[in-house]
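Topology and contacts: notes
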Amino acid sequence: MALTGLLESSLKLILFGGKGGVGKTTCASSTGLYLANNNKNALLISTDPAHSLSDSLGQKIGDEIHPVRCLLSNGVKQTEDIDKLSAIEISAEKALSRFKIEYDDELRRLFDTSTYLDKEDIDSILSLPIPGIDEVMGFKTIVDLIEEGKFDKYIVDTAPTGHALRLLTLPELLDDWIKVVAKMRWKYRYMVTSFAGKYKPDSADDFLMSMKKTVKKIEGLLRDQSRCEFIIVTIPEDMAVKETERMIKSLDQYGMKVKQMVINNVIPEQVDCPFCQARREEQDKYIGQIREKFSDLKITILLLQPHEIKGIDALKNLGSMVFEA
(Lines give C-alpha, C1' and ligand atoms only; values in the text may rest on other atoms or scores of the structure.)
Protein backbone atom coordinates (compact mmCIF):
# COMPACT_ATOMS: atom_id res chain seq x y z
CA MET A 1 0.00 0.00 0.00
CA ALA A 2 1.22 3.52 -0.81
CA LEU A 3 0.61 6.92 0.77
CA THR A 4 -2.61 8.37 -0.59
CA GLY A 5 -4.72 11.52 -0.47
CA LEU A 6 -1.87 14.02 -0.37
CA LEU A 7 -2.94 15.61 -3.65
CA GLU A 8 -6.35 16.62 -2.23
CA SER A 9 -6.73 20.37 -2.73
CA SER A 10 -8.11 20.95 0.78
CA LEU A 11 -5.03 19.39 2.41
CA LYS A 12 -2.50 22.13 3.13
CA LEU A 13 -0.21 20.91 5.91
CA ILE A 14 1.54 17.51 5.92
CA LEU A 15 3.72 16.68 8.93
CA PHE A 16 6.10 13.74 9.13
CA GLY A 17 6.95 12.62 12.67
CA GLY A 18 8.49 9.75 14.57
CA LYS A 19 11.54 8.55 16.45
CA GLY A 20 14.94 10.00 15.54
CA GLY A 21 16.74 8.27 12.70
CA VAL A 22 13.75 6.50 11.14
CA GLY A 23 13.70 8.47 7.88
CA LYS A 24 11.30 11.39 8.46
CA THR A 25 13.44 13.84 6.48
CA THR A 26 13.79 11.43 3.58
CA CYS A 27 10.04 10.82 3.44
CA ALA A 28 9.26 14.54 3.69
CA SER A 29 11.74 15.40 0.92
CA SER A 30 10.48 12.69 -1.44
CA THR A 31 6.91 13.86 -0.75
CA GLY A 32 7.83 17.41 -1.70
CA LEU A 33 9.27 16.20 -5.00
CA TYR A 34 6.21 14.01 -5.64
CA LEU A 35 3.81 16.91 -5.06
CA ALA A 36 5.84 19.28 -7.23
CA ASN A 37 5.91 16.64 -9.97
CA ASN A 38 2.11 16.56 -9.76
CA ASN A 39 1.81 20.27 -10.43
CA LYS A 40 1.50 21.36 -6.79
CA ASN A 41 3.48 24.36 -5.55
CA ALA A 42 5.13 22.80 -2.51
CA LEU A 43 7.19 24.19 0.36
CA LEU A 44 9.43 21.83 2.34
CA ILE A 45 9.87 23.00 5.93
CA SER A 46 12.24 21.76 8.62
CA THR A 47 11.52 22.47 12.29
CA ASP A 48 14.21 20.06 13.46
CA PRO A 49 17.09 21.98 15.13
CA ALA A 50 19.48 19.51 13.45
CA HIS A 51 18.10 20.61 10.05
CA SER A 52 18.85 17.47 8.02
CA LEU A 53 16.87 18.84 5.08
CA SER A 54 19.97 20.39 3.51
CA ASP A 55 21.78 17.06 3.79
CA SER A 56 18.86 15.14 2.34
CA LEU A 57 18.49 17.43 -0.67
CA GLY A 58 22.25 17.73 -1.12
CA GLN A 59 22.21 21.54 -1.04
CA LYS A 60 22.24 24.37 1.47
CA ILE A 61 18.75 25.59 2.38
CA GLY A 62 18.93 28.00 5.33
CA ASP A 63 16.26 30.06 7.10
CA GLU A 64 14.93 31.86 4.05
CA ILE A 65 12.71 30.31 1.36
CA HIS A 66 14.83 29.08 -1.53
CA PRO A 67 13.93 27.10 -4.65
CA VAL A 68 15.19 23.52 -4.54
CA ARG A 69 17.79 22.98 -7.24
CA CYS A 70 18.86 19.99 -9.30
CA LEU A 71 22.34 19.30 -10.72
CA LEU A 72 22.21 19.01 -14.50
CA SER A 73 23.73 15.83 -15.94
CA ASN A 74 25.41 17.46 -18.93
CA GLY A 75 28.96 17.16 -17.66
CA VAL A 76 28.96 20.79 -16.55
CA LYS A 77 28.44 21.71 -12.91
CA GLN A 78 25.35 23.81 -13.33
CA THR A 79 22.05 23.71 -11.54
CA GLU A 80 18.48 24.53 -12.37
CA ASP A 81 15.47 25.11 -10.14
CA ILE A 82 13.04 22.26 -9.67
CA ASP A 83 9.75 23.65 -10.84
CA LYS A 84 7.23 24.24 -8.03
CA LEU A 85 9.41 23.10 -5.10
CA SER A 86 10.98 25.37 -2.47
CA ALA A 87 12.40 24.75 1.00
CA ILE A 88 13.18 26.51 4.28
CA GLU A 89 14.80 25.50 7.57
CA ILE A 90 13.02 27.45 10.31
CA SER A 91 15.14 28.68 13.20
CA ALA A 92 12.95 28.87 16.31
CA GLU A 93 15.56 31.10 17.99
CA LYS A 94 15.52 33.59 15.14
CA ALA A 95 11.71 33.48 15.04
CA LEU A 96 11.66 34.36 18.76
CA SER A 97 14.22 37.11 18.25
CA ARG A 98 12.08 38.67 15.52
CA PHE A 99 9.04 38.33 17.79
CA LYS A 100 10.76 40.20 20.63
CA ILE A 101 11.90 42.98 18.31
CA GLU A 102 8.46 43.33 16.71
CA TYR A 103 6.54 43.39 20.01
CA ASP A 104 9.09 44.99 22.33
CA ASP A 105 6.92 48.07 23.00
CA GLU A 106 3.80 45.99 23.69
CA LEU A 107 5.60 43.60 26.06
CA ARG A 108 7.10 46.49 27.99
CA ARG A 109 3.73 48.21 28.21
CA LEU A 110 2.15 45.01 29.58
CA PHE A 111 4.70 44.67 32.37
CA ASP A 112 4.79 48.40 33.07
CA THR A 113 1.02 48.74 33.51
CA SER A 114 0.26 45.34 35.06
CA THR A 115 3.07 44.97 37.62
CA TYR A 116 5.12 47.01 40.08
CA LEU A 117 8.32 46.28 38.18
CA ASP A 118 10.67 49.12 37.27
CA LYS A 119 12.49 49.49 33.94
CA GLU A 120 15.51 47.50 35.10
CA ASP A 121 13.30 44.62 36.25
CA ILE A 122 11.39 44.63 32.97
CA ASP A 123 14.65 44.59 31.00
CA SER A 124 15.76 41.57 33.01
CA ILE A 125 12.50 39.70 32.41
CA LEU A 126 12.48 40.38 28.68
CA SER A 127 16.05 39.09 28.42
CA LEU A 128 14.98 35.74 29.90
CA PRO A 129 13.69 32.98 27.63
CA ILE A 130 10.00 32.16 28.01
CA PRO A 131 9.93 28.33 28.10
CA GLY A 132 8.64 26.97 24.83
CA ILE A 133 7.74 30.27 23.21
CA ASP A 134 10.62 30.03 20.72
CA GLU A 135 9.11 26.79 19.38
CA VAL A 136 5.64 28.36 19.30
CA MET A 137 7.03 31.24 17.28
CA GLY A 138 8.63 28.71 14.96
CA PHE A 139 5.24 27.12 14.38
CA LYS A 140 3.65 30.57 14.06
CA THR A 141 6.04 31.09 11.14
CA ILE A 142 4.52 28.04 9.44
CA VAL A 143 0.97 29.30 10.05
CA ASP A 144 1.94 32.72 8.67
CA LEU A 145 3.41 31.08 5.56
CA ILE A 146 0.21 29.09 5.02
CA GLU A 147 -1.91 32.23 5.42
CA GLU A 148 0.21 34.00 2.79
CA GLY A 149 -1.08 31.35 0.39
CA LYS A 150 1.92 31.28 -1.94
CA PHE A 151 2.06 27.48 -1.97
CA ASP A 152 -0.47 24.69 -2.42
CA LYS A 153 1.21 22.30 0.05
CA TYR A 154 3.41 22.70 3.12
CA ILE A 155 5.41 19.60 4.11
CA VAL A 156 7.02 19.67 7.55
CA ASP A 157 9.95 17.55 8.67
CA THR A 158 9.48 17.60 12.45
CA ALA A 159 12.05 16.94 15.14
CA PRO A 160 12.13 13.54 16.94
CA THR A 161 9.01 12.42 18.84
CA GLY A 162 9.42 14.22 22.19
CA HIS A 163 10.20 17.57 20.56
CA ALA A 164 7.35 17.22 18.07
CA LEU A 165 4.79 16.38 20.76
CA ARG A 166 5.99 19.27 22.89
CA LEU A 167 5.55 21.54 19.89
CA LEU A 168 1.95 20.40 19.45
CA THR A 169 1.04 20.99 23.10
CA LEU A 170 2.80 24.35 23.42
CA PRO A 171 -0.15 26.40 22.14
CA GLU A 172 -2.04 25.32 25.28
CA LEU A 173 0.84 26.48 27.47
CA LEU A 174 1.00 29.77 25.60
CA ASP A 175 -2.75 30.15 26.00
CA ASP A 176 -2.35 29.73 29.77
CA TRP A 177 0.37 32.40 29.75
CA ILE A 178 -1.93 34.76 27.83
CA LYS A 179 -4.74 34.17 30.34
CA VAL A 180 -2.47 35.07 33.27
CA VAL A 181 -1.25 38.25 31.56
CA ALA A 182 -4.80 39.14 30.50
CA LYS A 183 -5.96 38.79 34.11
CA MET A 184 -3.21 41.16 35.21
CA ARG A 185 -4.20 43.52 32.43
CA TRP A 186 -7.84 43.39 33.52
CA LYS A 187 -6.89 44.68 36.97
CA TYR A 188 -5.12 47.62 35.33
CA ARG A 189 -8.15 48.23 33.14
CA TYR A 190 -10.42 48.16 36.22
CA MET A 191 -8.26 50.72 38.01
CA VAL A 192 -8.17 53.07 35.01
CA THR A 193 -11.94 52.80 34.58
CA SER A 194 -12.53 53.46 38.29
CA PHE A 195 -10.48 56.65 38.28
CA ALA A 196 -10.92 57.93 34.72
CA GLY A 197 -14.44 56.69 34.08
CA LYS A 198 -13.50 54.89 30.87
CA TYR A 199 -10.74 52.74 29.40
CA LYS A 200 -9.31 53.01 25.91
CA PRO A 201 -7.65 49.80 24.61
CA ASP A 202 -4.04 50.29 23.54
CA SER A 203 -1.34 48.37 21.66
CA ALA A 204 -0.81 45.97 24.58
CA ASP A 205 -4.44 44.88 24.38
CA ASP A 206 -4.12 44.47 20.62
CA PHE A 207 -1.01 42.33 21.21
CA LEU A 208 -2.83 39.98 23.60
CA MET A 209 -5.72 39.63 21.16
CA SER A 210 -3.27 38.89 18.32
CA MET A 211 -1.51 36.22 20.38
CA LYS A 212 -4.84 34.65 21.31
CA LYS A 213 -5.78 34.48 17.63
CA THR A 214 -2.39 32.89 16.84
CA VAL A 215 -3.00 30.11 19.37
CA LYS A 216 -6.47 29.45 17.98
CA LYS A 217 -5.15 29.38 14.40
CA ILE A 218 -2.46 26.84 15.29
CA GLU A 219 -4.87 24.61 17.21
CA GLY A 220 -7.55 24.92 14.54
CA LEU A 221 -5.16 23.99 11.74
CA LEU A 222 -3.62 21.01 13.53
CA ARG A 223 -6.99 19.53 14.47
CA ASP A 224 -8.63 20.00 11.06
CA GLN A 225 -8.23 16.61 9.34
CA SER A 226 -9.21 18.04 5.98
CA ARG A 227 -6.39 20.61 6.07
CA CYS A 228 -3.72 18.83 8.13
CA GLU A 229 -2.33 15.29 8.14
CA PHE A 230 0.29 13.82 10.46
CA ILE A 231 2.11 10.82 8.97
CA ILE A 232 4.10 8.58 11.31
CA VAL A 233 7.42 7.15 10.14
CA THR A 234 8.83 4.19 12.05
CA ILE A 235 11.07 1.14 11.70
CA PRO A 236 10.36 -2.50 12.68
CA GLU A 237 12.19 -2.51 16.00
CA ASP A 238 10.89 -2.87 19.55
CA MET A 239 11.80 0.63 20.81
CA ALA A 240 10.47 2.29 17.67
CA VAL A 241 7.15 0.42 17.88
CA LYS A 242 6.69 1.40 21.53
CA GLU A 243 7.54 5.04 20.83
CA THR A 244 5.19 5.05 17.85
CA GLU A 245 2.36 3.75 20.03
CA ARG A 246 2.96 6.48 22.62
CA MET A 247 3.06 9.13 19.92
CA ILE A 248 -0.20 8.04 18.30
CA LYS A 249 -1.93 8.02 21.70
CA SER A 250 -0.62 11.51 22.47
CA LEU A 251 -1.71 12.84 19.09
CA ASP A 252 -5.15 11.31 19.57
CA GLN A 253 -5.49 13.00 22.96
CA TYR A 254 -4.56 16.30 21.32
CA GLY A 255 -7.25 15.82 18.68
CA MET A 256 -5.06 14.71 15.78
CA LYS A 257 -5.98 11.34 14.28
CA VAL A 258 -3.18 9.56 12.43
CA LYS A 259 -4.40 7.87 9.24
CA GLN A 260 -1.19 6.70 7.55
CA MET A 261 2.14 5.24 8.60
CA VAL A 262 5.41 4.43 6.86
CA ILE A 263 7.48 1.45 8.05
CA ASN A 264 10.98 2.16 6.80
CA ASN A 265 14.18 0.11 6.38
CA VAL A 266 12.44 -3.23 5.93
CA ILE A 267 14.82 -5.93 4.67
CA PRO A 268 13.61 -7.55 1.39
CA GLU A 269 12.22 -11.05 1.56
CA GLN A 270 13.86 -14.08 -0.04
CA VAL A 271 17.40 -12.76 0.01
CA ASP A 272 20.29 -15.22 -0.29
CA CYS A 273 21.79 -14.20 3.02
CA PRO A 274 21.21 -16.10 6.29
CA PHE A 275 21.91 -12.99 8.36
CA CYS A 276 19.45 -10.91 6.31
CA GLN A 277 16.82 -13.65 6.51
CA ALA A 278 17.17 -13.79 10.30
CA ARG A 279 16.84 -10.01 10.54
CA ARG A 280 13.77 -10.04 8.28
CA GLU A 281 12.14 -12.69 10.46
CA GLU A 282 12.76 -10.45 13.47
CA GLN A 283 11.33 -7.48 11.59
CA ASP A 284 8.24 -9.49 10.57
CA LYS A 285 7.43 -9.92 14.26
CA TYR A 286 7.32 -6.16 14.77
CA ILE A 287 5.54 -5.50 11.47
CA GLY A 288 2.88 -7.94 12.69
CA GLN A 289 2.62 -6.05 15.98
CA ILE A 290 2.22 -2.77 14.12
CA ARG A 291 -0.50 -4.15 11.87
CA GLU A 292 -2.32 -5.56 14.89
CA LYS A 293 -2.00 -2.46 17.09
CA PHE A 294 -2.82 -0.02 14.29
CA SER A 295 -5.19 -2.03 12.11
CA ASP A 296 -7.12 1.11 11.16
CA LEU A 297 -4.07 2.80 9.58
CA LYS A 298 -2.90 2.67 5.98
CA ILE A 299 0.60 1.21 6.20
CA THR A 300 3.29 1.72 3.57
CA ILE A 301 6.31 -0.58 3.63
CA LEU A 302 9.63 0.90 2.46
CA LEU A 303 12.38 -1.61 1.78
CA LEU A 304 15.91 -1.02 3.00
CA GLN A 305 17.87 0.51 0.14
CA PRO A 306 21.39 -0.58 -0.83
CA HIS A 307 22.61 3.02 -1.00
CA GLU A 308 22.15 6.17 1.08
CA ILE A 309 19.08 8.16 0.07
CA LYS A 310 20.62 11.55 -0.58
CA GLY A 311 20.15 13.98 -3.44
CA ILE A 312 17.31 14.66 -5.86
CA ASP A 313 17.61 11.54 -8.02
CA ALA A 314 17.69 9.17 -5.04
CA LEU A 315 14.72 10.95 -3.44
CA LYS A 316 12.70 10.76 -6.66
CA ASN A 317 13.44 7.05 -6.88
CA LEU A 318 12.26 6.58 -3.30
CA GLY A 319 9.14 8.59 -4.06
CA SER A 320 8.18 6.08 -6.75
CA MET A 321 8.09 3.46 -3.99
CA VAL A 322 6.26 5.64 -1.47
CA PHE A 323 3.47 6.75 -3.80
CA GLU A 324 3.00 3.87 -6.22
CA ALA A 325 1.31 0.73 -4.95
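Everything below is about the structure shown above.
Throughout what follows, the structure given in this document is the object of discussion. Predicted, not measured: the structure shown is a model, and the values here were computed from it.

Attention now goes to the pattern of salt bridges. Following the criterion strictly, the structure yields nine salt bridges and no others. Note that Glu147 and Lys217 form a salt bridge whose closest N and O atoms lie 3.2 Å from each other. Of this pair, Glu147 sits in helix H6 (residues 133-148) while Lys217 sits in helix H8 (residues 203-222), and the two are 70 residues apart along the sequence. Accessibility expressed as a relative area gives 48% for Glu147, which makes it partly exposed. Here Asp238 makes a salt bridge to Lys242, at a shortest N to O gap of 3.2 Å. Taken together, the residues span about one helical turn, with Asp238 and Lys242 both in helix H9 (residues 238-254) at a distance of four residues. Here Lys242 falls in the partly exposed class, since its relative accessible area comes to 43%. The structure contains a network of salt bridges with shared partners spanning Glu245, Lys249 and Lys293.

The N-to-C vectors of helix H1 (residues 24-37) and helix H11 (residues 312-322) enclose an angle of 85 degrees; their axes lie 8 Å apart at closest approach. Here H1 lies roughly perpendicular to H11, going by the angle between them. Between H1, through Thr26, Ser29, Ser30 and Leu33, and H11, the contact on the second element is made entirely by Ile312, Leu315, Lys316, Leu318, Gly319 and Val322. Tallied by class, the residues present in the contact of H1 with H11 amount to five nonpolar, four polar and one charged.

You can see Thr141 is positioned in helix H6. When sequence neighbours within four positions are dropped, the list of residues in contact with Thr141 reads Ile90, Ala95 and Arg98.

What follows is about the environment of Arg69. Along the polypeptide, Arg69 turns up in strand S3 (residues 66-71). With relative accessibility at 36%, the residue Arg69 sits in the partly exposed group. Sequence separation of Arg69 and Glu80 is eleven residues, and the distance between their C-alpha atoms is 5.4 Å.

Take Ile45: it is sitting in strand S2 (residues 42-46). Other than its neighbours up to four places away in sequence, Ile45 contacts Leu53, Ile88, Ile90, Ile142, Leu145, Tyr154, Ile155, Val156 and Asp157.

The next point concerns the side chain of Ser46. By the secondary structure assignment, Ser46 is in strand S2. What Ser46 contacts, discounting residues up to four positions off in sequence, is His51, Leu53, Ile88, Glu89, Ile90 and Asp157.

What counts, and where the lines are drawn
- Residues numbered from 1 in each chain as written.
- Predicted model: local features only at pLDDT ≥ 70, side-chain atom pairs only at ≥ 80, totals over all residues.
- Heavy atoms only, no water.
- Salt bridge = Lys/Arg side-chain N within 4 Å of Asp/Glu carboxyl O.
- Helix = DSSP H or I, 4+ residues; strand = E, 2+ residues; numbered from the N terminus.
- Buried < 20%, exposed > 50% of the residue type's maximum accessible area, 1.4 Å probe, protein only.
- Axes fitted to C-alpha atoms, helices over the stretch in contact; angles between N-to-C directions.
- Parallel < 35°, antiparallel > 145°, perpendicular 65-115°, else oblique.
- Contact = heavy atoms within 4.5 Å.
- Nonpolar A, V, L, I, M, F, W, Y, C, P; charged D, E, K, R; others polar.

Geometric values such as these leave the question of function open.
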